[in-house]
Structures are given as structure tokens and as C-alpha cells.
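# Examining the three-dimensional arrangement
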Amino acid sequence: MTVQSEKDRRGADGAPPPPAVEMRGIVKRFPGVLANDRVDFEAAAGEVHALLGENGAGKSTLSNILTGLYRPDAGEIFIDGEPVQFHSPRDALDARIFMVHQHFRLVEPFTVAENVVLGDHRGEGRTFRLRHRAIEQRVAELSKRYGLAVDPRARVWQLSLGEQQRVEILKALYREARILILDEPTAVLTPQEADVLFETLREMAAEGRTVVFISHKLHEVKAVADRVTVLRGGRSVATVSAADATLRSLASLMVGRELDSGQPARARTPGEPVLELTDVWSDADRGDSAVRGASLVVRGGEIVAVAGVAGNGQRELAETVAGMRRATRGKILVCGKAIRAGDPRSAIAAGVAYVPEDRLGTGVAPSLSIASNLALKGYRERSSSHGPLLRIGRIREHAVELIQRYSIAAPGPGAPARLLSGGNLQKVVLAREFSGKPRLLIAASPTRGLDVGAIETVHAYLREAAADGVGVLLISEDLDEILLLADRVAVMYEGAIVGETSREEADVEEIGLLMAGGQDPRAD
Ligand code: ADP
Ligand code: MG
């Protein structure tokens, strides 16, 4: 390993070393978008430096410039104080700058070891067999040393996304990367895997490398970084020490304004149970049971989150409670009364509102007007009580009111729903479901794909609903969101609720472990 010591890096006169990477005044335009607007960024050897920003802030663009994938329209890059110009990714690799992209660039039929050396032309004089064995050995060594568990002989297609990511990092280590950039690396990881990754990154920094960690998740940035540079709207707005920053201060730098308090302002005791699930089972779309003996209680006025890695039966559970999927076993009580299995009308009548994950499928009829979409549920309830003309007038009036109250950016109540952006579609579904005055609100990944502004609005709606006495069942994979909103957290794994904790006692480690199928350490 050739990593410089602090002493080596200091000049003869003892002056502090120049930053390992410095980017000054970087500008990058795409048609109609200024993706990087005079961005300044610098990171030192030996630090984990987070690049924090909302979706579209310009993080990936900046790192693609640093790795020679894009040419900047203006600005300068210095490596160890020396100006450089990268004309291609090759140039950046030669400077030992390596990036782990969001979409991995591995060759699936090849083994881990083969992928690690792919594109590396050092040591080609030796015979293939010799090299092969030496490479496998080296990969095994690196994997052990850095806690990047993966079998050098496994083929990439056999690996989980977390393992594939480790292969990318091994590749960087094999090439003795000095600067490693990871673009939203935790997006494919469970919290547990993320923690393991953070240890690896800290280790790499401790050796004198520079790690640039890109994320939009505040608690991760706090957990792993030494310093944080915040990008907003293509500009670098601040660089702060992670230890001094709070989640709130980071959040407001990221979105550019003060956020409302993360703590729900409700000093209330939960009310009567609005949902009681006892040993509920239901089938997957194809084949086996997806929900396997789930038991859970949600009381009026509380937000109960179901955490879990997607595909552990959360969607089927929500659909079962919403009456859209038949329970094959067990008991579902809404406000103390059994709902008819597989009958959404019975669920609606009992006071169940459902904001599905799949907004454009089950949530919204894209070709119908916004007004019709806002009325869909009420329409079903009241269709017999009024004449058709009266109904159309009512529906329109109701829509205008909701569009205003929920600030839905729409051309008008008559426009087809498909013209709306994701955030506004979500508001339509929420507005409709809330205005039905539910007792139980099921929200499945209600903020997925939304920008931070829209996310805040949705969170405010959910809190408001709970403050009004509605029981909220929040299904989410996003632990930030869960810890921000939930009074209680239940973890779902392989169709069952495998653990439950209050927000005060919630421990990210433990939740992550349960999500990954580990045992609750307190269980025995
Ligand atoms: P982030 O990684 O912070 O989410 P990006 O750097 O990907 O942000 O994007 C910044 C802005 O530049 C966005 O508005 C995005 O749509 C735009 N953009 C990024 N890459 C391209 C591209 N190759 N072509 C056109 N626009 C792009
Ligand atoms: Mg990005």
C-alpha cells in the first residue's frame, strides 16, 4: 500500500498540505439545466467527506466531473495542489480516483476476482493461471482486511446488490485508489449493511485515503463523515464539520429554509385501537403466502410504522387491511368490528383510507380528471343519493376546494390526472383519502420519489391526521422517515411482525438487524 503519511505530505517548510482534491468554480450545463453552478469543493487526505443534497442538487454531476466522465464547462480541479485536466475516465483512474456508481458496472457472468482486475493492465506479463491465482488471493486478502465479505470465485450474477457494491470497492482498493467516491451507496443496503460499509470507509480514511460519500440521508452523513459539503440547486452552499452539525441544521442547509420541528407536537395518549390484526395470513399474487401470521395493533392518534426491506409482505398486508386482498387466516378488526375479507367497500365503510405505494396503478386513474380522482371514493359512497348533474357540480366544487387546501399544482380540476407530477399525484391521493374522514389511514411509501418540499407536506398531513385522532399505519423502507414520524416501529420480515419498539427506544442498529432477518437481541 502506498499511502502517504502526514509527514510526507507536509512540505519541507512544514506548511499544511494542499487538499487531496480541490474543485473550484465548477460549471456544468445540460440543455435547459445548470447542473453545477460555480461549485467549490475540497476534501483532504484521511477524511470521509460527505456530499449532501436533495435529488437533482448536482451531486452526481460533480462526481462525474471529478472522475473524468464529464468535462466541466468552466472551473478547475487540483489534485494535491496540482492543476489537472481529465479528458476521460482513464485519466482520473491514472490519478487513482475511483467512483462507485449508483448502477454498478460489473460483468455479470464473470467472477468477483475477474471483475476486480477487469481493465487493469498491470502484471500482464505473467501467465494467465499464475495471475489468476495471485489475483484471487489478493482479492481474498483485501476482502478480509476491509470487511468486504464476498467470495472471489463467485460469479457476479449470483451476488446481492450489497455484495456487488463490495466488489466495486474491492476494485478500487485493488487499484490502490487514493480518492474513492461513492454515489448514494446505501440506497441498495439495509441499515445493517450500511453500518458495515461505514466501518470500511472509516478504515480507508484512517489509512490516508479520501472518501467522498454522496447521500441525501442526514443521519448517515452524521454517522460517517468528518465534514459535509451541502449542494443545493447546483451550488455549494456550505461546508461544515459533521460533529458540529445537527440533523436539523443539515436539513435546513439542504432545503434552504427552516424546517418544521421533527417532533410531532402532540402530547397525547393514544386512543382506542382502530386496527387489531391477529395472526393474519394472506397470499402473494402468485403462489405462496406473503403475509404469514402478522399481529399488530394501531390506536387512534398514533403513527405506527412498519419497517422492512421491500418484498417482506408489507404491500400485501396493507392491501389485506384495505380489503383489496383476501385474508386466508386470522382476524382483522377495524374499530372493533370485523371487515368483510376481500371487500374494499366494507373496509371503506369501516373507516379505512389507503394511500397505496403504486400511485398510478391503484391510487389514481390517470386518464380521468383530477376532480374525478379526488371524488373516486366519495363517489362510490354517495352515488345513489343525488342526481347526476348535482353530483358533477359537487364533484367540481369539492375538487377546487381540495386543490387549494392541499396546494396541488394543477392546470385545473378538469385536467387529466396523468398531467400531474409525482408529488402532486400523491397530494391528490392524500387529499382524497383524508377528506373521507378515516379512522385508520394506511400510507404505503407515501413519500417515495417525491422531492423534499413535497415530502414535508406529506409528513405534515400524516402528523395532522394523527393529531386529529386517526390511527396511521405507515409502511416505509426509509428509516429516516420512520424515526421522524412514528410513535411505534414494527419490523416486518418474511410476512410476520418480528419486533416492535417505541420511538424513544428505537435503535437503528436493532431495527436494521431485524429487517435483515436477524434475531432481536433482547428476545432471549
Ligand atoms: P443529484 O445527483 O444531486 O441528484 P444530478 O447531478 O444527477 O443531481 O443532476 C443535477 C441536474 O442536472 C438535474 O436537474 C438533472 O436532471 C440534470 N442532469 C444530470 N445529468 C444530466 C444529463 N446527462 N443530461 C441532462 N441533464 C442532466
Ligand atoms: Mg445523483
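Residues numbered from 1 in each chain as written. Chains lettered and ligands numbered in written order. Predicted model: local features only at pLDDT ≥ 70, side-chain atom pairs only at ≥ 80, totals over all residues. Heavy atoms only, no water.

This paragraph deals with helix 6 (residues 161–174). When the terminal C-alpha atoms of helix 6 are compared, their 20 Å separation across 14 residues agrees well with the 20 Å that a helix rising 1.5 Å per residue should span. Regarding helix 6, the residues found buried are Gly162, Gln164, Gln165, Arg166, Val167, Glu168, Ile169, Leu170, Lys171, Ala172, Leu173 and Tyr174. Positive backbone phi, at 55°, marks glutamate 176, one or two positions downstream of helix 6. (Helix = DSSP H or I, 4+ residues; strand = E, 2+ residues; numbered from the N terminus. Expected span 1.5 Å × (residues − 1). Buried < 20%, exposed > 50% of the residue type's maximum accessible area, 1.4 Å probe, protein only.)

This part covers the packing of helix 7 (residues 191–206) against helix 18 (residues 508–515). One way to put it is that helix 7 packs onto helix 18 with a least axis distance of 7 Å and a crossing angle of 120°. With respect to helix 18, the axis of helix 7 lies oblique. Listed contacts from helix 18 to Pro191, Gln192 and Asp195 of helix 7 are Val508, Glu509, Gly512, Leu513 and Met515. Its residues assigned to classes, the contact of helix 7 with helix 18 shows 4 nonpolar, 2 polar and 2 charged. (Axes fitted to C-alpha atoms, helices over the stretch in contact; angles between N-to-C directions. Parallel < 35°, antiparallel > 145°, perpendicular 65-115°, else oblique. Contact = heavy atoms within 4.5 Å. Nonpolar A, V, L, I, M, F, W, Y, C, P; charged D, E, K, R; others polar.)

Let's shift gears to the site of ligand 1. Neighbouring ligand 1 are the residues Phe30, Val33, Ala35, Glu54, Asn55, Gly56, Ala57, Gly58, Lys59, Ser60, Thr61 and Tyr70. One nitrogen or oxygen atom from the main chain of glycine 56 is found 2.7 Å from an oxygen atom belonging to ligand 1. The contact in question runs from an oxygen atom of ligand 1 to an N or O atom on the side chain of threonine 61, over 2.5 Å. Relative to its free-state accessible area of 560 Å², ligand 1 is covered by the protein chains to the extent of 63%. For the shell around ligand 1, the elements supplying multiple residues, two or more each, are strand 2 (33–43) and helix 2 (59–66). The element that contributes the greatest number of residues to the shell around ligand 1 is helix 2, accounting for 3 residues. (Near = heavy atom within 4 Å. Polar contact = N/O pair within 3.5 Å; in protein donor to acceptor, adjacent residues only side chain to side chain. Areas by Shrake-Rupley, 256 points an atom, 1.4 Å probe, with all protein chains shown as cover.)

Here we take up the side chain of glutamate 481. Locating glutamate 481 in the fold gives a position in helix 17 (residues 479–485). Judged by relative accessible area, glutamate 481 falls into the buried class, the value being 3%. In this structure the side chain of glutamate 481 is engaged in a polar contact, spanning 2.9 Å, whose partner is the side chain of histidine 459. Sequence-distant contacts of glutamate 481, that is, excluding residues within four places in its chain, are made with Pro446, Thr447, His459, Leu474 and Ser476.

It is worth spelling out the sheet that holds strand 15 (residues 337–338) at this point. Strands sit in the order 12-11-14-15 across an open sheet of 4 strands; the sheet is antiparallel. Both edges of this open sheet fall to strand 12 (289–299) and strand 15, since each of them pairs with a single strand only. Both strand 11 (residues 273–283) and strand 14 (residues 327–334) contribute to a ladder of 6 bridges, which runs antiparallel. In the strand pairing of strand 14, glutamate 276 is matched with leucine 333. Its contacts with the sheet put helix 10 (residues 314–321) on strand 11, strand 12 and strand 14, and the angle it makes with strand 11 is roughly 120°. (Pairing = 2+ DSSP bridges.)

We now examine the pairing of strand 19 (residues 488–493). Summarising burial for strand 19: 5 of the 6 residues are buried, a large majority. Bridge count between strand 19 and strand 20 (residues 496–502): 6 bridges; the pairing is antiparallel. When the sheet's bridge partners are listed, valine 489 is paired in strand 20 with threonine 501. Remark: 2 residues form the turn of the hairpin made by strand 19 and strand 20, two consecutive strands paired antiparallel; glutamate 494 in that turn has positive phi of roughly 50°.

Our next topic: the packing of aromatic side chains. Under the counting rule described, the total for this entry stands at 2 aromatic pairs. When the ring of phenylalanine 30 is compared with that of tyrosine 70, the centres are 5.5 Å apart and the planes differ by 75°; the resulting orientation is edge-to-face. Taken together, the positions of phenylalanine 30 in strand 1 (residues 21–30) and tyrosine 70 in the loop between helix 2 and strand 4 (74–79) put the pair 40 residues apart, joining distant regions of the chain. Judged by its relative accessible area of 29%, phenylalanine 30 is partly exposed. For the pair phenylalanine 198 and phenylalanine 213, a centre-to-centre distance of 5.6 Å together with 90° between the ring planes defines the contact as edge-to-face. Here the residue phenylalanine 198 occupies a position in helix 7, and phenylalanine 213 occupies one in strand 8 (residues 210–215), the gap between them amounting to 15 residues. Note on accessibility: phenylalanine 198 and phenylalanine 213 belong to one class, buried. Over the face of the ring belonging to tyrosine 146 we find arginine 145, whose NZ or CZ atom lies 4.8 Å from the ring centre. (Phe/Tyr/Trp six-rings, centres within 6.5 Å; stacked < 30°, edge-to-face > 60°. Lys NZ or Arg CZ within 6 Å of the ring centre and 35° of its normal.)

Positionally, aspartate 151 belongs in the loop between helix 5 (128–145) and helix 6. For aspartate 151, a relative accessible area of 42% puts it in the partly exposed group. Between the C-alpha atoms of aspartate 151 and glutamate 163, which are 12 residues apart in sequence, the distance is 9.2 Å. Of the polar contacts made by the side chain of aspartate 151, one reaches the backbone nitrogen of arginine 153; its length is 2.9 Å.

The buried fraction of strand 18 (residues 471–476) is high, at 6 of 6 residues. Alternating residues of strand 18 divide into Gly471, Leu473 and Ile475 and Val472, Leu474 and Ser476, and every residue in both groups is buried. Summarising the sheet, strand 13 (residues 303–307) and strand 18 pair through 5 bridges and their orientation is parallel. Across the sheet, valine 306 pairs through a bridge with isoleucine 475, a residue of strand 18. The pairing of strand 17 (residues 440–444) with strand 18 spans 5 bridges and is classified as parallel. Across the sheet, leucine 440 pairs through a bridge with glycine 471, a residue of strand 18.

It is worth spelling out unusual backbone geometry at this point. In this model, aspartate 279 sits at a positive phi of 50°, which is unusual for a non-glycine residue. Within the fold, aspartate 279 resides in strand 11. Judged by its relative accessible area of 32%, aspartate 279 is partly exposed. Although it is not a glycine, serine 445 sits at a positive phi angle of roughly 40°. Mapped onto the elements of the fold, serine 445 is located in the loop between strand 17 and helix 16 (452–467).

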